[in-house]
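One letter stands for each residue in the lines below.
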Amino acid sequence: MRAAITISVAFHFALAAAAWTGVPVLFRDVLREDTPIIVELVAIDEETRAAPQVVKKEEPDPEDEPPKPEPVKAALAPPPPPPPAPVAEPTPPAPPEKVAALPPPPKPEPKPEAVEPPPPPPPETRIIPDPPTPKPVPPRTDVRPRTKPTPPSKAATFDAGRISVLIDKSRKETTPEADSEEAPKKFLQPPPVQQSPVRQAAVGNRLTISEVDAIRFQIEQCWNVPAGSRDARDLVIRIQFSLKPDGSLKAPPVILDRERMGDGFYRAAAESARRAVLLCTPLKNLPTAKYDRWQEITLTFNPRDMLGG
Amino acid sequence: MTIVRRLPTTVLSIFLTAIVVAQMAFTARPAAAQLQIDITRGNVDPLPIAIGDLTGATPDTVQVGRDIAGVVAANLERSGLFRAIERSAFIEDPIGITLRPRFGDWRLINAQALVTGAASRESDGRLRVEFRLWDTFAEQQMTGLVYAANIENWRRISHLISDAIYKRLTGEDGYFDTRIVYISETGAADRRIKRLALMDQDGSGHRFLTDGKDLVLTPRFSPTRQEITYLSYFGDRPRVYIYNIDTGQQEILGDFPGMTFAPRFSPDGNRVIMTLAADGNSDIYTMDIRTRRVEQLTRNPAIDTSPSFAPDGTRITFNSDRSGTQQIYVMNADGSDPKRISFGDGRYATPVWSPRGDLIAFTKFRQGRFHIGIMRPDGSGERLLTESFLDEAPTWAPNGRVIMFFRQQPRSDDGSGGEVSLWSVDLTGFNQRRVVTPLDGSDPAWSPLFSESR
C-alpha cells in the first residue's frame, strides 16, 4: 500500500514537473498542428457547397412521392368549422396590419380597412409539419477523413507529459469560447491529435467542420434572401430553436431581437429567416451521438456575402 | 509517520480533483453552450406564392374574384421576386375568407405564402373584396384587408392587393398601383408621329393624351398630383406644358425667350426644374408653378441639362460638359457647390435621383454601347445594369427598386429597324423585361403610387 502510494506520488510529481518544464515546447507543437487545420476549413467548406444534390433530393416533391400527401393530410387537424355568429371576440392569431396609413380616397376609390381576424386557430399547440421523410442521403464519406487523425500508435503508450498538455490546453480552449463572438469558428476546430482516451472523450462531442457546414448548407438552400434593399448589408437576424434527436423542431423557431419587428423590412427579413428554418427542418445528417451539441441552435443570418456592391 | 503518509494522499487527492474539475470544465462548457452558426448567403430564387381565386357567391363576383387573383399573380410575378404557383397544382380548393387554410396542403406544393379571399356585393351594390395573406410555414396570417369600390375598379383593387402583399413580404413599398406615361411612336423615321400616352404599370388601361399633331417629348409625372409635365412643339415652339390627367387640361408653364426642355418636378410638386437654352448657352432654372417666379441655378458657359432633384429637395443632380465631356454633377438646391461625381471612362447623361434617395440612375455611353447604370450620390458604387445598341432615359419606380427605360434597335440601311420599346430592370440587374405597348414607345416616366398622389 505504502509502496503504491509512494510510487503514485512520485509519478505525479514527475508529471507535474514535466508539465512545468515541458509545456512551452509542447505548445509549439500544438500550434503547429493548428495551422494546417485552419486551411483545411476553407477546403471542406467549398467542397461541401459544391454538392447541391445533398439537399435537392430532400425537397418534398409531391410528384416524386405520390403516396405522401395522403398521410400528411390525414395527420393535420381538419379546418375549424366556420365561425359562429360574432358573439365572442375571437382571439386573433395575428393582429391584421393597420391600414390606417392608406387614406380612403374619394368616391369611386377602393377603400381599405382591416379585416377581422379569422376564427381562432385550433388550440395553441401548433402542428409541427411532418414533411415527407426524405430519402436518406448517403453519408459523405469523402469529407470526414480529411480531418485525418494521426495514427494512434503513440497513443498506446501512456505519456504522463501529455496529460498536463491536455489540462492546460483545455483551459486555453474553453476561455475564448465563453466570450467569443465568432461563433462558428470555435466549433470548427477539429480535434487535435488524439493521444489518449481522455482526450478522445473530451473532443468526441464537438461538431466537426463538415457537420456544422452541413447544417449551414441546408439552411442556406432554404433561405430566400431579401436583396436589393437599402440596408440589406447591415441586416442581421438571429433565430433560435431547439431540435429533437431526429432533427425536427421541438417548438417553433424564435426570432430574437423582436423589438426591431416594427420595421417592416426587418420583419419581412426575419420572417424569411424563420421560414428557412421551418422549411429546412428536420435537419439531415446530424450526428446522433453529439445531440447535446446541436439541440440548441442560434442562427445569425446576414446576407453580406451576397451583396458585394 | 501517519502525517507523512497522509500528506501525499491529500496532495494526490487534490491533484486528482484538479484533473476531474478541469475535465468537467472542458466537457461541460461546450455541452451547455448553444450552437452558433452564421448564415451569410441564401438563394435569390423568387418566393413561391400561391394565389387562390377569390371566392364569390354570384357569377359576377366569382368572375371578378378570379380576375383579381390573375392580376395579382401577374403583378407579383413581373416583379421577379415571386413565383406564382400554377393553379392546377393546388390541393385545397379556394376557401374564401372565413376559414383557415390547411397549411400542410400548401406546404406540400412548396407555397411559402398563400393568398385567400372573397369578393362580394355590399348592400349598396359596390364590390367588396377581402383577402388574407398567410405564412404557410409559420401558420400565421401576415395581413388581411378589405376593399370596397365600384366593380369597374376591380383592377385598382388588384393592384392595391398586390402592393399590400409585396410590402408585407419584402418590407418595401410596392409599385403596382402606378401608371406609366410615355411617348407612343409610329410612322416612318422622317415622319414620326409622337403622342403622349398613359397606361397602368401592367399595360392595361392604355390611352393617348395628345393627338400626335404636335411633337411631344420628355413627359414627367408630378410626385404629388396626377399631373404630367412635358415638352410640346405646339405652334412649332418648344415649350414646357403641364397636363392634368383628371381634367385633361393643358397649360403652358411659361413663355421664355429661348427654348425650354428636360422639365422635371421638384419633390414637393410645386416647382419645375428645367433647362433653358438662350443665346447658345444652356443653364438650369427652376420655376414656381403658382407664382411663376423663375430662378437661375447654373451660370456656366457649358451645356448644363437634365436636372433632377434629390427626394428631400436639398440637392440636384444634372448633366454638364463643362469638363470637356458629358459628366454627372451634384449641386445644392440653390445651385451652389457643384461637384462632379462620375469619373469612369465614357460619357454620362440623364441622371435621375432615386425616390428613396440612395442612388442616381443614368445613361452611359462607352465604346459604342449604351448602358443604364446606377451610382451613389457621391459617385461611388457605379454599376451598369443593362447594355445594348441604345438604352436611354431611366425612370424609377416609386419604391426605388425597379428602373424603366427605353431601348432602340439599330437601324439598317434599308430603313428597317430602329424600333423603340420600353423595358424594365431590377436594381440588381436581374429581371430585365419588355414592357408591352400597342405601338413603339420611348421616354417612359413612372408615376408615384396612385394612393399617395392626391
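Given the structure is predicted, the values throughout are model-derived calculations rather than measurements.

**Student:** Please provide a residue-by-residue account of the overall build of chain A, values included.
**Tutor:** The helix and strand tally for chain A stands at 9 helices and 4 strands. Scanning chain A from its N terminus toward the C terminus, one meets helices and strands in the order α-α-α-β-α-α-α-α-β-β-α-α-β. Looking at chain A as a whole, 42% of its 309 residues are labelled buried. For chain A, long-range pairs separated by at least 24 residues make up 79% of all intrachain contacts whose partners lie at least 6 apart in sequence. Surface accessibility of chain A: about 17,100 Å² in total, with carbon and sulfur atoms responsible for 61%.

**Student:** Before we move on, can you summarise the overall build of chain B with the specific residues and values?
**Tutor:** Looking only at helices and strands, chain B features 4 helices and 30 strands. When burial is assessed residue by residue, chain B has 56% of its 454 residues classed as buried. Look at the contacts in chain B between residues 6 or more apart in sequence, and 43% of them connect residues 24 or more apart. Of the roughly 18,300 Å² that chain B leaves accessible, carbon and sulfur atoms contribute 52%.

**Student:** Requested: an account of the pattern of salt bridges, with residues and values cited.
**Tutor:** Counted under the stated rule, the structure contains 36 salt bridges over all chains. For A:Arg275, the salt bridge is made with B:Asp135, and the minimal N-O distance between the two is 3.3 Å. Residue A:Arg275 is located in helix H8 (residues 264–280), and its partner B:Asp135 is located in strand S5 (residues 127–135); the two belong to separate chains. Here the two residues A:Arg275 and B:Asp135 agree in accessibility, since each one is buried. The salt bridge involving B:Lys213 is made with B:Asp211; its shortest N-O contact spans 3.7 Å. On the basis of relative accessible area, B:Lys213 is assigned to the exposed category, the value being 70%. Within the structure, one salt-bridge network assembled from shared partners comprises B:Glu122, B:Asp124, B:Arg126, B:Arg128 and B:Glu130.

**Student:** Lay out H8(A) in plain terms, naming residues and giving numbers.
**Tutor:** All names here are of chain A. The end-to-end C-alpha distance of H8 is 24 Å, a good match for the 24 Å that 17 residues give at a rise of 1.5 Å each. When you tally the buried positions in H8, you get 14 out of 17 residues, the bulk of the element. Looking at where H8 begins, the residue whose side-chain oxygen comes 3.0 Å from the main-chain nitrogen of Phe265 is Asp263.

**Student:** Talk me through the side chain of B:Arg195; I want residue IDs and the actual numbers.
**Tutor:** Residue and element names in this part refer to chain B. Positionally, Arg195 belongs in strand S8 (residues 193–200). Of the side chains with opposite charge, Asp211 comes closest to the buried, unpaired Arg195, at an N-O distance of 7.6 Å. Apart from residues lying up to four places away in sequence, Arg195 is in contact with Tyr182, Ile183, Ser184, Thr186, Phe208, Thr210, Asp211, Gly212, Val216 and Leu439.

**Student:** Give a description of the sheet that holds strand S20 (residues 327–332) of chain B that names residues and reports values.
**Tutor:** Strand order in this open sheet of 4 strands is S18-S19-S20-S21 (chain B), and the pairing throughout is antiparallel. Because the sheet does not close on itself, it has two edges, and the strands there are strand S18 (304–309) and strand S21 (339–340) of chain B.

**Student:** Give a description of the sheet that holds strand S28 (residues 420–426) of chain B that names residues and reports values.
**Tutor:** Residue and element names in this part refer to chain B. Strand order in this open sheet of 4 strands is S26-S27-S28-S29, and the pairing throughout is antiparallel. One side of each edge strand has no neighbouring strand; the edge strands of this open sheet are strand S26 (391–396) and strand S29 (433–435). For this sheet, the mean angle separating the axes of adjacent strands, direction not counted, is 35 degrees. Pairing geometry for S26 and strand S27 (residues 402–408), over 4 bridges, is antiparallel. Pairing of Glu392 across the sheet is with Phe406, part of S27.

**Student:** So what about the confidence of the model for chain A? Which residues, and what values?
**Tutor:** Close inspection of predicted coordinates is inappropriate for parts of the model with low pLDDT. All names here are of chain A. Mean pLDDT over chain A works out to 57, with 36% of the residues at or above the 70 mark. Averaged pLDDT values over the elements of chain A bottom out at 32 in helix H3 (residues 69–75) and peak at 91 in strand S2 (residues 237–242). Low pLDDT, under 50, characterises residues 30–111; the predicted model gives this stretch 112 contacts beyond four residues in sequence or across chains. Counting contacts from residues 116–202, a segment whose pLDDT is below 50, to residues more than four positions away or on other chains yields 135 contacts.

**Student:** For the packing of helix H2 (residues 59–78) of chain B against helix H4 (residues 154–170) of chain B, give the residues involved together with the corresponding values.
**Tutor:** All names here are of chain B. Here H2 crosses H4 at 45 degrees, and the two axes come no closer than 9 Å. Classified by the angle between their axes, H2 and H4 sit oblique to one another. As H2 runs across H4, the sense of the crossing is right-handed. Across the interface between the two elements, Val64, Asp67, Ile68, Val71, Val72, Asn75 and Leu76 of H2 pack against Trp154, Arg155, Ile157, Ser158, His159, Ile161, Ser162, Ile165 and Tyr166 of H4. Taken together, the residues of the contact of H2 with H4 break down into 10 nonpolar, 4 polar and 2 charged.

**Student:** Tell me about the nonpolar core, residues and numbers included.
**Tutor:** Among the nonpolar cores identified, the biggest contains 46 residues, and B:Ile49 and B:Ile165 are the most heavily contacted of them. With 8 residues, H4(B) is the largest single contributor of residues to this core. Setting aside its immediate chain neighbours within four residues, B:Ile165 contacts B:Ile49, B:Val72, B:Leu76, B:Val115, B:Phe131 and B:Leu133. With 36 residues, the next largest nonpolar core counts A:Ile239, A:Cys280, A:Trp294 and B:Ile39 among its residues.

**Student:** Quick rundown of unusual backbone geometry? Include the residues and the values.
**Tutor:** Following A:Thr281, the chain continues to A:Pro282 via a peptide bond in cis, the omega torsion being 0 degrees. A positive phi angle, close to 40 degrees, is found at B:Thr218, a residue other than glycine. Within the element layout of this structure, B:Thr218 appears in strand S10 (residues 216–221).

**Student:** Describe the environment of B:Gly52, and please don't skip the residues or the numbers.
**Tutor:** Residues and elements named next belong to chain B. Inspection of the secondary structure assignment puts Gly52 in the loop between strand S2 (47–51) and H2. Judged by its relative accessible area of 9%, Gly52 falls in the buried class. Distance from Gly52 to Ile85, taken between C-alpha atoms, is 9.4 Å for residues 33 residues apart in sequence. Once you skip the residues sitting within four places of it in the chain, Gly52 turns out to touch Ala69, Phe90 and Val115.

Scoring rules and cut-offs
- Residues numbered from 1 in each chain as written.
- Chains lettered and ligands numbered in written order.
- Predicted model: local features only at pLDDT ≥ 70, side-chain atom pairs only at ≥ 80, totals over all residues.
- Heavy atoms only, no water.
- Helix = DSSP H or I, 4+ residues; strand = E, 2+ residues; numbered from the N terminus.
- Buried < 20%, exposed > 50% of the residue type's maximum accessible area, 1.4 Å probe, protein only.
- Contact = heavy atoms within 4.5 Å.
- Areas by Shrake-Rupley, 256 points an atom, 1.4 Å probe, with all protein chains shown as cover.
- Salt bridge = Lys/Arg side-chain N within 4 Å of Asp/Glu carboxyl O.
- Expected span 1.5 Å × (residues − 1).
- Polar contact = N/O pair within 3.5 Å; in protein donor to acceptor, adjacent residues only side chain to side chain.
- Lys, Arg positive; Asp, Glu negative; His and termini not counted.
- Pairing = 2+ DSSP bridges.
- Axes fitted to C-alpha atoms, helices over the stretch in contact; angles between N-to-C directions.
- pLDDT = per-residue confidence, 0-100.
- Parallel < 35°, antiparallel > 145°, perpendicular 65-115°, else oblique.
- Left-handed = near helix turned anticlockwise from the far one by under 90°.
- Nonpolar A, V, L, I, M, F, W, Y, C, P; charged D, E, K, R; others polar.
- Core = buried A, V, L, I, M, F, W, Y, C linked by side-chain atoms within 4.5 Å.

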